[in-house]
Amino acid sequence: MKIFWQYPLLISIFTIWGSTESTRWPLNFLSDSDPQQVRISLAGKNQVLVSWITSDKNVESVVVYGKVSGKYDNSSVGQSSSYQYLTYNSGEIHQVKIGPLEPGTLYYYRCGGATPEFSFRTPPSVFPVEFAVVGDLGQTEWTKSTLQHVGAMPYDVFLLPGDLSYADTEQPLWDSFGTLVEPLASSRPWMVTQGNHEIETIPVLHSQSFTAYNARWLMPYQESQSTSNLYYSFDVSGVHVIMLGSYTDFEVGSDQYTWLQADLKGVDRTKTPWILVLLHAPWYNSNLAHQGEGESMRKTMENMLFRERVDMVLAGHVHAYERFTRVYDNNANECGPVYVTIGDGGNREGLATTFESPSPSISLYREASFGHGRLRVLNSSHAHWTWRRNNDTTVADEMWLKSLSSSDSCNGSA
Ligand SMILES: [Fe+2]
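Within each chain, residues carry numbers counting from 1 in the order of the written sequence. It should be noted that, the model being predicted, local features are given only for residues of pLDDT at least 70 and side-chain atom pairs only at 80 or more, the latter also being counted only at that level, while totals for whole chains, interfaces and linings use all residues. Each side-chain value is derived from all of the structure's non-hydrogen atoms; neither hydrogens nor water enter the calculation.

Student: Mind showing me how you'd approach the coordination of the iron ion here?
Tutor: Ideal donor angles around a metal are set by the shape: a four-donor tetrahedron calls for 109.5 degrees, a six-donor octahedron for 90 or 180 degrees. Donors, by definition, are the N, O and S atoms found within 2.8 Å of a metal, the threshold being 3.2 Å for Na, K and Ca, and water is not counted, so a site can look incomplete. Note on the iron ion: its protein donors are D163 (OD), N196 (OD1), H280 (NE2) and H317 (ND1). The metal-donor distances range over 2.1 to 2.2 Å. For the iron ion, all donor residues lie on one chain, and their spacing in sequence is D-x32-N-x83-H-x36-H. Of this pair, N196 sits in the loop between β13 (190-193) and α4 (211-216) while H317 sits in the loop between β17 (312-315) and β18 (321-328); the two residues are 121 residues apart in sequence, bridging distant segments of the chain. For every residue, the accessible area obtained with a 1.4 Å probe (protein chains only) is divided by the maximum for its type, and the residue is called buried under 20%, exposed over 50%, and partly exposed between those limits. Take N196: its relative accessible area is 26%, and that puts it in the partly exposed class. A residue is classified by how much of its surface remains accessible, and H317, at 3% relative accessible area, is buried. Only DSSP runs of H or I with at least four residues qualify as helices, and only runs of E with at least two residues qualify as strands; both kinds are numbered from the N terminus onward.

Student: What am I meant to see in the side chain of D344 here?
Tutor: Tracing the sequence through the fold places D344 in the loop between β20 (338-342) and β21 (363-367). Side-chain polar atoms of D344 contact the side chain of W387, separated by 2.7 Å. Between two residues, a contact is recorded if the distance between any of their heavy atoms is within 4.5 Å. Each residue touching D344, except ones within four places of it in the same chain, is listed here: G135, T146, A320, Y321, S369, F370, G371, H372 and W387. For this analysis, a polar contact is any N or O atom pair within 3.5 Å, provided that within protein one partner can donate a hydrogen and the other can accept it, and provided that sequence-adjacent residues contribute only side-chain to side-chain pairs.

Student: Sorry if this is basic, but what is going on with the pattern of salt bridges here?
Tutor: Pairing between side chains of opposite charge can happen when the charged atoms of each approach one another. Just to be clear on terms, a salt bridge is a Lys or Arg side-chain nitrogen sitting within 4 Å of an Asp or Glu carboxyl oxygen. Per the counting criterion, the structure on display carries 17 salt bridges. R374 is paired through a salt bridge with E130; the nearest N and O atoms lie 3.0 Å apart. Remark: E130 occurs in strand β11 (residues 129-133) and R374 occurs in strand β22 (residues 371-377); sequence separation between them is 244 residues. Of the two residues, R374 and E130, neither departs from the other in class, the shared state being buried. The partner of R389 in a salt bridge is E367, with the nearest N and O atoms 2.6 Å apart.

Student: So what exactly am I meant to see when it comes to the packing of aromatic side chains here?
Tutor: The relative placement of two aromatic rings is captured by the distance of their centres and the angle of their planes. Here is the rule: rings of Phe, Tyr and Trp (six-membered ring for Trp) pair when centre to centre is within 6.5 Å. Planes less than 30 degrees apart are stacked, more than 60 are edge-to-face, and the remainder are tilted. Within the structure shown, the criterion is met by 20 aromatic pairs. A ring pair is formed by Y83 and Y88, whose centres lie 5.9 Å apart and whose planes are at 45°; its orientation type is tilted. As far as burial versus exposure is concerned, Y83 and Y88 are alike and both buried. Summarising the aromatic geometry, the rings of F158 and W190 are spaced 3.8 Å apart at their centres and angled 5° between planes, so their arrangement reads as stacked. In this pair, F158 is assigned in strand β12 (residues 157-161) and W190 in strand β13, connecting sequence segments 32 residues apart. Counting every residue linked through ring pairs, the aromatic cluster contains Y65, Y107, Y109, F118 and F120. Here the guanidinium or amino end of R39 rests over the ring plane of W217, the centre of that ring lying 3.9 Å away. In this analysis the charged atom, NZ for Lys or CZ for Arg, is taken to sit over a ring once it is within 6 Å of the ring centre and within 35 degrees of the ring normal. One residue, R309, lies across the ring of F306, its end atom 4.7 Å from the ring centre.

Student: Could you clarify how one ought to interpret the domain arrangement of the chain in this entry?
Tutor: For an interface, size is often stated in terms of accessible area lost upon the parts coming together. Domain boundaries in the chain define domain 1 (31-121) and domain 2 (129-412). For domain 1 and domain 2, the distance between their C-alpha centroids amounts to 26 Å. Buried area adds together the accessible area that both of two parts lose upon being put together, with accessible area traced by a 1.4 Å probe. In total, about 2,300 Å² of surface goes out of reach between domain 1 and domain 2, with carbon and sulfur atoms giving 57% of it. There are one salt bridge connecting domain 1 and domain 2. Here K97 makes a salt bridge to E223, at a shortest N to O gap of 2.7 Å. Between the two partners, domain 1 and domain 2, sit 16 residue pairs in polar contact (both at pLDDT 80 or more). For the side of domain 1 that touches domain 2, the element with the most residues is strand β1 (residues 36-42), which contributes seven residues. The classification used treats Ala, Val, Leu, Ile, Met, Phe, Trp, Tyr, Cys and Pro as nonpolar, Asp, Glu, Lys and Arg as charged, and all other residues, Gly among them, as polar. In the side of domain 1 that touches domain 2, the residues fall into 14 nonpolar, nine polar and three charged. All the domain ranges listed were derived from an automatic or database domain assignment.

Okay, here's the thing in structure tokens:
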């Protein structure tokens, strides 16, 4: 399987799967100036960042867009960059912010003014809003299956808690990953944080970490007063989402710690009653894989999340699904976040099949299957979480959540 995915031509052929809005054929016949690896992400209030790559370095970073197919009333100009990794030179990576955009609206757009036309829908401004959540995605047949399941049902925003391409220093795999996810990532915002597979340092030869990730997956860190692309936050329809970095400094007094403190303090629960946190290495985990790897971060930051009544913490890294009850400091606590591990996207390393026995009382559901999660936030007080495995379409695990901001007892004891 690993060898298979290293051949771009085969990747192109086998990634023409029946998704929705942006499939192109034949991918290998694109000209140097044609947009490749097109995707969008949220970039501040009513704005979206459009990103794509061209082989031609001289293509202008411009996006034309509008609400009617083929009729583009607006245009925005951005910037482009490239990076070098050992002998690999990336294509030109274009980043263009467009907006202001209307919520819950379908927009049509072209990158660089060239064909084809893509389209995306902006998230709603009010509840309900639905998130699709997948960690440790990779680019295998299981990845393809996961993305097919995600694309089969409507959602507003895609959340990925780290480990994207599994390029692991083989830079062309970042390009094949960008091509693989384009049908979904060009039609709904993809918001990601980084995992260990994004670090990509090589002793002596390449000492800088996250080179490809930071160059390719620009997230709205400046828009959220962060100084690093490795941690940031954003608001969607009454939900404040915080993306943390498991592999950058997080100790007390570090930039990330200080930023998180300020970000949490700045949340207005009357405007965003819900708070979600995503990170890569789980703080709670009863799988034998990666035991204890999130522990020092948990010890440093858990009390902040608990104090500010974060509703849910979603992690990846462990290649399985696990849902915990509300937890604080290793004990069930009705005012703590619900912890979920969802590192089951389809990576090439396989599943983490062995769990601790007996199961700890705070772990409510665990299964080593590839799949994806969904959080449908219905209103300011209630949300529904579901997890589906790829082998069938039924809901394998689900729960109702009541927002902690609507809990009198938790707010009274804050
Ligand atoms: Fe990982």
